[in-house]
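Architecture and fold: a report
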Amino acid sequence: MIIKKKKITRLDVILGLLILAIAAYILYRIAVGLQYKWDWAAIPQYLFRYDEERNGWVPNLLMQGVFTTIRLSLWGTILATILGTIMGLCRVSHSLFNRLIGWTYVELIRNLPPLVLIFIFYYFLSGPIMSALGVDEFVKALSERTQGLLTFLFAPPSMFSPFLAALITLAIFEGAYITEIVRAGIQSIEKGIWEASHALGLSRWQLMRAVILPLVVQRILPPLAGQFISTIKDSAIVSIISIQELTFQGMELMAATYLTFEVWITITALYLILTLSLSLSVGRLEIYLRRSES
Amino acid sequence: MPEKMLGNDIITADKINKTFPNEVQALCDFSTRVRRREVLVIIGPSGSGKSTFLRCLNGLEEIDSGSIVIDGVPLDHKKENRLEIRKEVGMVFQLFNLFPHLTVLDNVSLAQRLVRKKSKKEASETSMELLRKVGIPEKANTFPNHLSGGQQQRVAIARALAMMPKVMLFDEATSALDPEMIGEVLEVMKNLAQEGMTMIVVTHEMGFAREVGDRMIFMEEGEIVEEGSPDQLFTNPKKERTGLFLSQIL
């Protein structure tokens, strides 16, 4: 491959200046036009605060929101990946029944606004099903140590059942997209690879596990990474059912302090830290997995 | 070459028919028997059904009617029979079809471990032995994409042999190779034949067919036009069509 040396052309300079000018104008409008008083000094205390009782720094609203967003995205991604893999396998199954299940799932979920899904699942899951299953009683009956562990991994006991509802909704929502990624990945495997595996006498399950899925993972990693990043972003919609993740905390804080710009710029930065670090580490992983091709 | 002793029938294909969904009839009442240690060479123009016949023998294509029995096991709708037959029948493809995410050693070891349930150590030992046999033990830890076509095809042969098959099917194993690599693959196949492996070879390599083949079938449009010893087909074809085809290809 020929690598062209990067040069800054006159056009780049003009475009760069134009962007700077627009940014400067917007800031000017905010400062002069809106008479906005910046107060960046107020922000850090909402990230971490000093706790007198514990005699140390503890996460405050915004960082608590970050942690909830991480919990939601992490478990949501894991669940969605499991669900997406199973449904993806259904979509390429020999059995018409399995294919119908996969198809119905994908088309139903992809063709509804996520907000509608959230409401449906919140009222169905969090209401009747969770109470029928006795989730709240179960969590409250646990020992203090187990409750502590659950708080660390998921949510405090009081928020456990809405958190679970939000988590399941997120997983089902993202799972539909992962299903399609997995399906496309499986279908992209050359016919010859399938035939070679069959000819060696591998059963369908063996060839899926040892040959097809490893190849699929290698191929779908870029779109999958995009979906994982989407999960972090989409987790913001569960703020609508009062899950105290980053966006929810932002709205609370803004209502309390009126520091609109500072709060949302901070939140932008926090989301970017989460998503960009994920995107960079997936890039690394991709290089590692593709070592057989270089 | 001394006359080799052939054993009893290992493959019986009786009146098999295969029509593809696009209405092309690939095999038309095709019957043949193959004896142990026999090397059967199948030739014919493209689209004559040679590859389809091979693919039917290990169930990669399903036959519409007729019967196939390999070493006493009928190839029918039972999953166990199909897997049993595939264990005993090795296949080498035109485009190698190695597993790109596995090293050469793992390519050869995979089925031994999963299907034959061998331990990792045992499988690796067998694999190394086979890689020595096909002449590339030094590539054991390389990924397939780093190998030449000839080397890849030799790995594919080793991979098929690792299952200790009773029959080997070669589906135009040298057709996708650059001319200078054809020899190394044919050499491996020749050695296999000399060791007494039962082989069905679909090929356009007439020199190989004549030297190694015990029997040759010329087929066209899903039917056997003529069969006999390679020498007889080359020097004294009974059907005009056979002579015409061979004169075109030689």
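Scope of this entry: the structure provided in the associated data block. (Residues numbered from 1 in each chain as written. Chains lettered and ligands numbered in written order. Predicted model: local features only at pLDDT ≥ 70, side-chain atom pairs only at ≥ 80, totals over all residues. Heavy atoms only, no water.)

Regarding the interface of chain A and chain B
The parts lose accessible area when they come together, and the size of an interface is often stated as this lost area. Contacts between chain A and chain B engage 23 residues on the former and 24 residues on the latter. Summing both partners gives a buried area of about 2,000 Å² for chain A against chain B, and 66% of it is carried by carbon and sulfur. Linking chain A with chain B are one salt bridge. Put simply, Arg 55 of chain B and Glu 195 of chain A hold a salt bridge, and the shortest N to O gap is 2.6 Å. If one sorts the elements of the side of chain A that touches chain B by residue count, helix α9 (residues 191–199) of chain A sits on top with eight residues. A class-by-class count of the residues in the side of chain A that touches chain B yields nine nonpolar, nine polar and five charged. (Contact = heavy atoms within 4.5 Å. Buried area = accessible area lost by both parts, 1.4 Å probe. Salt bridge = Lys/Arg side-chain N within 4 Å of Asp/Glu carboxyl O. Helix = DSSP H or I, 4+ residues; strand = E, 2+ residues; numbered from the N terminus. Nonpolar A, V, L, I, M, F, W, Y, C, P; charged D, E, K, R; others polar.)

Description of the pairing of strand β4 (residues 65–70) of chain B
Residues and elements named next belong to chain B. Sheet topology note: the strand β1 (residues 9–19)/β4 ladder contains five bridges and is antiparallel. For Thr 12, the partnering residue across the bridge sits in β4 and is Val 69. The pairing of β4 with strand β5 (residues 73–74) spans two bridges and is antiparallel. Across the sheet, residue Val 69 finds its bridge partner in β5, namely Pro 74. Taking the residues between adjacent antiparallel strands as the criterion, β4 and β5 are bridged by two residues, where Asp 71 takes a positive phi near 50 degrees. (Pairing = 2+ DSSP bridges.)

Brief notes about helix α5 (residues 114–133) of chain A
At 3.6 residues per turn, the α-helix brings residues three or four places apart onto the same side. Residue and element names in this part refer to chain A. Look at α5: only 25 Å from first C-alpha to last across 20 residues, short of the 28 Å you get at 1.5 Å a residue. Leu 125 marks where α5 bends most, by close to 30 degrees; the proline Pro 128 follows one to four residues later. When we look at burial in α5, the residues that qualify are Leu 117, Ile 118, Phe 121, Leu 125, Ser 126 and Met 130. Residues of α5 that are buried in the fold lie against α4 (96–110), α6 (135–141) and α8 (160–187). Gly 134 lies just past α5 and shows a positive phi near 70 degrees. (Expected span 1.5 Å × (residues − 1). Bend = angle between axes of the 7 residues up to and from the residue. Buried < 20%, exposed > 50% of the residue type's maximum accessible area, 1.4 Å probe, protein only.)

A short note on the sheet that holds β5 of chain B
All names here are of chain B. The sheet built from four strands is open, its strands ordered β2-β1-β4-β5 with antiparallel pairing. Bordering the open sheet on either side are β2 (25–35) and β5, each of which pairs with just one other strand. Bridge count for β1 against β2 is seven bridges, and the pairing is antiparallel. Following the sheet pairing, Ile 16 is matched in β2 by Phe 30.

Examining the state of the cysteines
This structure, assessed with the given rule, holds zero disulfides over all chains. No disulfide involves Cys 28 of chain B; its sulfur sits 13 Å from that of Cys 56 of chain B, the nearest cysteine. (Disulfide = S-S within 2.5 Å.)

Concerning the packing of α4 of chain A against α8 of chain A
All names here are of chain A. Packing of α4 against α8 brings their axes to within 9 Å, and their N-to-C directions diverge by 120 degrees. Here α4 is positioned oblique relative to α8, judged by the angle of their axes. Classified by chirality, the crossing of α8 by α4 is left-handed. Along the contact surface, α4 presents Tyr 105, Val 106, Ile 109 and Arg 110, while α8 presents Ala 171, Ile 172, Phe 173, Gly 175, Ala 176, Tyr 177, Thr 179 and Glu 180. (Axes fitted to C-alpha atoms, helices over the stretch in contact; angles between N-to-C directions. Parallel < 35°, antiparallel > 145°, perpendicular 65-115°, else oblique. Left-handed = near helix turned anticlockwise from the far one by under 90°.)

Overview of the side chain of Thr 126 of chain B
All names here are of chain B. Of note, Thr 126 is situated in helix α4 (residues 120–133). Thr 126 gets classed as buried once you look at its relative accessible area, which sits at 13%. Setting aside residues up to four positions removed in sequence, Thr 126 forms contacts with Gln 112, Lys 118 and Met 164.

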